[in-house]
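# Structural overview for review
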Amino acid sequence: MPGLNWQKSSLCGSGDSCVHVAATPTGIHITESADPGGAILTTTPDAFRALLRSLKEEPHRDPQVPGLEVTTVGDDDRIVRLRAPGVPGVPAVTTDRRRWETFVRGVRAGEFDHFAA
């Protein structure tokens, strides 16, 4: 989606790959800058708001909120996938545990609250 104003956590180092968030009138968009496929997950403000709330309340659990699902992959849970369950054709955003935890720390610091306002 060209022309979006992507935001990453301030805790993500300059030049580092990170989870990015952008908003349009039709939804909240989430991507991972290191994803070679360039997957962009679009969700509703309500689902994103529920994700933020869940990450703030229980940052060490993978949240399961209506409209969004976070899962870990592999024996060591190093890969994190964010997807819209039950919505065919919507790509999953894939990141690693370190980048996901950086995003969660940014969420807990309130850096993405304006997307859910």
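Before reading on, note that the structure itself is shown above.
What you are looking at is a predicted structure, and each value in this text was computed from that prediction instead of being measured.

### Topic: the packing of helix α1 (residues 45-57) against helix α2 (residues 97-108)
At their nearest, the axes of α1 and α2 sit 9 Å apart, and the two run at 95 degrees to each other. The angle between the axes of α1 and α2 places the two elements in the roughly perpendicular class. Residues Leu52, Leu55 and Lys56 of α1 touch α2, and the partners they reach there are Trp100, Phe103, Val104, Val107 and Arg108. Here the residues of the contact of α1 with α2 are counted per class, giving 6 nonpolar, no polar and 2 charged.

### Points about the environment of arginine 53
With respect to the helices and strands, arginine 53 occurs in helix α1. On the accessibility criterion, arginine 53 (43% relative accessible area) is partly exposed. Put simply, arginine 53 and proline 63 are 10 residues apart on the chain and 9.5 Å apart in space, counted from C-alpha to C-alpha.

### Section: the sheet that holds strand β6 (residues 68-73)
Pairing is antiparallel in the open sheet, where 4 strands are placed in the order β5-β6-β7-β8. Since the sheet does not close on itself, it has two edges, and those belong to β5 (64-65) and β8 (93-96), each with one partner. Packed on one face of the sheet, α2 meets β6, β7 (79-83) and β8 and runs near 100 degrees to β8.

### Regarding the pairing of strand β3 (residues 27-32)
Judged by how many residues are buried, β3 sits mostly within the fold: 6 of 6 residues are covered. Looking at chain direction, strand β2 (residues 19-24) and β3 are connected through 6 bridges and run antiparallel. The residue bridging alanine 23 from the neighbouring strand is isoleucine 28, located in β3. Hairpin connection between β2 and β3: a loop of 2 residues separates the two successive antiparallel strands. The pairing of β3 with strand β4 (residues 40-43) spans 4 bridges and is antiparallel. Residue pairing for β4: isoleucine 28 is matched across the bridge by threonine 43.

### Let's talk about the packing of aromatic side chains
Tallying each qualifying case throughout the model produces 4 aromatic pairs. Look at tryptophan 100 and phenylalanine 103: their rings are 5.2 Å apart centre to centre, the planes differ by 45 degrees, and that puts the pair in the tilted class. Of this pair, tryptophan 100 and phenylalanine 103 both sit in helix α2, 3 residues apart, which is roughly one turn of the helix. Accessibility classification places tryptophan 100 together with phenylalanine 103 in one group, the buried group. Pairing phenylalanine 112 with phenylalanine 115 gives two aromatic rings, centres 6.3 Å apart and planes at 25 degrees, and the pair type is stacked. Phenylalanine 112 gets classed as buried once you look at its relative accessible area, which sits at 0%. By relative accessible area, which is 11% here, phenylalanine 115 ends up buried. Cluster of aromatic residues (ring-pair linked, three or more members): Phe48, Trp100, Phe103, Phe112 and Phe115.

About the thresholds
- Residues numbered from 1 in each chain as written.
- Predicted model: local features only at pLDDT ≥ 70, side-chain atom pairs only at ≥ 80, totals over all residues.
- Heavy atoms only, no water.
- Axes fitted to C-alpha atoms, helices over the stretch in contact; angles between N-to-C directions.
- Helix = DSSP H or I, 4+ residues; strand = E, 2+ residues; numbered from the N terminus.
- Parallel < 35°, antiparallel > 145°, perpendicular 65-115°, else oblique.
- Contact = heavy atoms within 4.5 Å.
- Nonpolar A, V, L, I, M, F, W, Y, C, P; charged D, E, K, R; others polar.
- Buried < 20%, exposed > 50% of the residue type's maximum accessible area, 1.4 Å probe, protein only.
- Pairing = 2+ DSSP bridges.
- Phe/Tyr/Trp six-rings, centres within 6.5 Å; stacked < 30°, edge-to-face > 60°.

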